Amino acid sequence: AQSVAQPEDQVNVAEGNPLTVKCTYSVSGNPYLFWYVQYPNRGLQFLLKYITGDNLVKGSYGFEAEFNKSQTSFHLKKPSALVSDSALYFCAVRDRYSSASKIIFGSGTRLSIRP
Amino acid sequence: DAGITQSPRHKVTETGTPVTLRCHQTENHRYMYWYRQDPGHGLRLIHYSYGVKDTDKGEVSDGYSVSRSKTEDFLLTLESATSSQTSVYFCAISETPPSGIQDTQYFGPGTRLTVL
């Protein structure tokens, strides 16, 4: 069965410091992995995805994520946090050959960047 | 929000009444989805559609039905609303790239539903 875990409900970082939002996954086959961001009273916005190829994926707003197959992780990172990065972040996973109904979202991590 | 609108954006209703939420897209994407978002649960798939009149159940489909008579519209109906269906509902769409495996989903702004 597919699953995704975001072990931290909240991450607090000072502006200008690097940030990491953790995600681990479990799928039976090869994964598609996604990060989405949700700002208050908005829908989820796509940030980046890993399909195949380079394990380091670069996305919107200076975010990147590293696919680590041995650790089954897909942590989201940014070298220098901005206050405007404060939002709710969701990791999602799908088995490469499963149907649309098998996309699983994590429970979300609230990122708070203090000035 | 990728050419996706949801209506209404907010609704308060009473237990036992029927409720229909509408999702409208202008992207001509084949796949459409309805999710609910609840604290501590992330997003959970209710139903999805892979074409006009083609729909299937997600993980939390009980108490919900859907219809898709046109590519651009996907309706979610609560036949008899209950307080446990108080939630924020999101519609999403995705296309089928040349690989034939749909992937990235794009989300609407959401509908906040309160069932009293």
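In this text, all values refer to a predicted model and were calculated from it rather than measured experimentally.

Scanning chain A from N- to C-terminus turns up zero helices and twelve strands. Helices and strands appear in chain A in the N-to-C order β-β-β-β-β-β-β-β-β-β-β-β. Here the C-alpha atoms of chain A give a radius of gyration of 14 Å, agreeing with the 13 Å that 2.2 N^0.38 yields for 115 residues. Once the C-alpha set of chain A is aligned to its principal axes, its extents read approximately 45 × 30 × 20 Å.

A few words on the overall build of chain B. Within chain B, the regular secondary structure consists of zero helices and eleven strands. Start at the N end of chain B and walk to the C end: the helices and strands fall as β-β-β-β-β-β-β-β-β-β-β. For 116 residues, the compact-globule estimate of 2.2 N^0.38 gives 13 Å, and the C-alpha radius of gyration of chain B, at 14 Å, lies within 12% of that figure. Along the first, second and third principal axes, the C-alpha atoms of chain B reach 45 × 30 × 25 Å. Expressed as a percentage of its 116 residues, the buried residues of chain B come to 48%. Residue pairs in contact within chain B that sit at least 24 positions apart in sequence constitute 56% of those at least 6 positions apart.

Below, the discussion takes up the pattern of salt bridges. Residues and elements named next belong to chain A. Taken as a whole, this structure holds six salt bridges over all chains when the rule is applied. Here Lys78 and Asp85 are joined by a salt bridge, their closest N and O atoms 2.9 Å apart. Relative accessible area serves as the criterion here: at 7%, Lys78 is assigned to the buried category. Residue classification places Asp85 among the buried positions, given a relative accessible area of 3%.

To continue, consider the interface of chain A and chain B. Residue-level contacts link 23 residues of chain A with 24 residues of chain B. Carbon and sulfur atoms make up 54% of the surface buried where chain A meets chain B, a total of about 1800 Å² over both sides. In this structure, the connection of chain A to chain B is made through zero salt bridges. Our count for the contact surface shared by chain A and chain B stands at three residue pairs in polar contact (both at pLDDT 80 or more). With four residues, the top contributor of residues to the side of chain A that touches chain B is strand E5 (residues 31-38) of chain A.

For the rest of this paragraph, the subject is the side chain of His29 of chain B. All names here are of chain B. By the secondary structure assignment, His29 is in the loop between strand E3 (19-25) and strand E4 (31-38). Overall, His29 belongs to the buried group, its relative accessible area being 10%. The contact partners of His29, leaving out residues within four places of it in the chain, are Arg68, Thr71, Ile93, Ser94 and Glu95.

All names here are of chain B. Only one face of E3 is buried, namely the one carrying Val19, Leu21, Cys23 and Gln25, since none of Thr20, Arg22 and His24 on the opposite face is buried. Here six bridges tie E3 to strand E8 (residues 73-78), and the two strands are oriented antiparallel to one another. Note on E8: the bridge partner recorded for His24 is Asp73.

Take the state of the cysteines next. Scanning all chains against the criterion turns up two disulfides over all chains. There is a disulfide in this structure between Cys23 of chain A and Cys91 of chain A, and the S-S distance comes to 2.0 Å. Across the S-S bond linking Cys23 of chain A and Cys91 of chain A, the dihedral sits near -65°, which makes this disulfide left-handed. A residue pair is termed long-range when its members are at least 10 positions apart, and Cys23 of chain A in the loop between strand E3 (19-21) and strand E4 (24-26) and Cys91 of chain A in strand E10 (residues 87-95) qualify at 68 residues. Each member of the pair, Cys23 of chain A together with Cys91 of chain A, is buried. Shown here is the disulfide that connects Cys23 of chain B with Cys91 of chain B, its sulfur atoms set 1.9 Å apart.

Along the chain, Ser7 of chain B connects to Pro8 of chain B via a cis peptide bond; the corresponding omega equals -10°. The residue Pro8 of chain B is located in the loop between strand E1 (4-7) and strand E2 (10-13) in this model. Phi is positive for Thr72 of chain A, close to 45°, though the residue is something other than glycine. Mapped onto the elements, Thr72 of chain A comes out in the loop between strand E8 (64-68) and strand E9 (73-78). Thr72 of chain A gets classed as partly exposed once you look at its relative accessible area, which sits at 30%.

What counts as what
- All residue numbers here refer to positions counted from 1 along the written sequence of the relevant chain.
- Key to labels: chains lettered from A, ligands numbered from 1, both in the order written.
- Owing to the predicted nature of the model, reporting of local features is limited to residues with pLDDT of at least 70; listing and counting of side-chain atom pairs is limited to 80 or more, with chain, interface and lining totals taken over all residues.
- Side-chain calculation: all heavy atoms of the structure are included, whereas hydrogens and water are not.
- The numbering of helices and of strands both runs from the N terminus, where a helix is a DSSP run of H or I of at least 4 residues and a strand a run of E of at least 2.
- It is over C-alpha atoms that the radius of gyration is taken, and the globule rule equals 2.2 Å times the number of residues to the power 0.38.
- Three exposure classes are used, based on accessible area relative to the maximum for each residue type with a 1.4 Å probe and protein chains only: buried under 20%, partly exposed in between, and exposed over 50%.
- The contact criterion used throughout is that any non-hydrogen atoms of two residues lie within 4.5 Å.
- We count a salt bridge whenever a side-chain nitrogen from Lys or Arg sits within 4 Å of a carboxyl oxygen from Asp or Glu.
- Two parts lose some accessible area (1.4 Å probe) when they are put together, and adding that loss for both gives the buried area.
- Each polar contact in these results corresponds to two N or O atoms within 3.5 Å; when the atoms are within protein, one needs to be able to donate a hydrogen and the other to accept it, and residues that are neighboring in sequence are counted only if both atoms are side-chain atoms.
- DSSP calls a pair of strands paired once it identifies at least 2 bridges connecting them.
- Note on terminology: disulfide denotes any pair of cysteine sulfur atoms within 2.5 Å.

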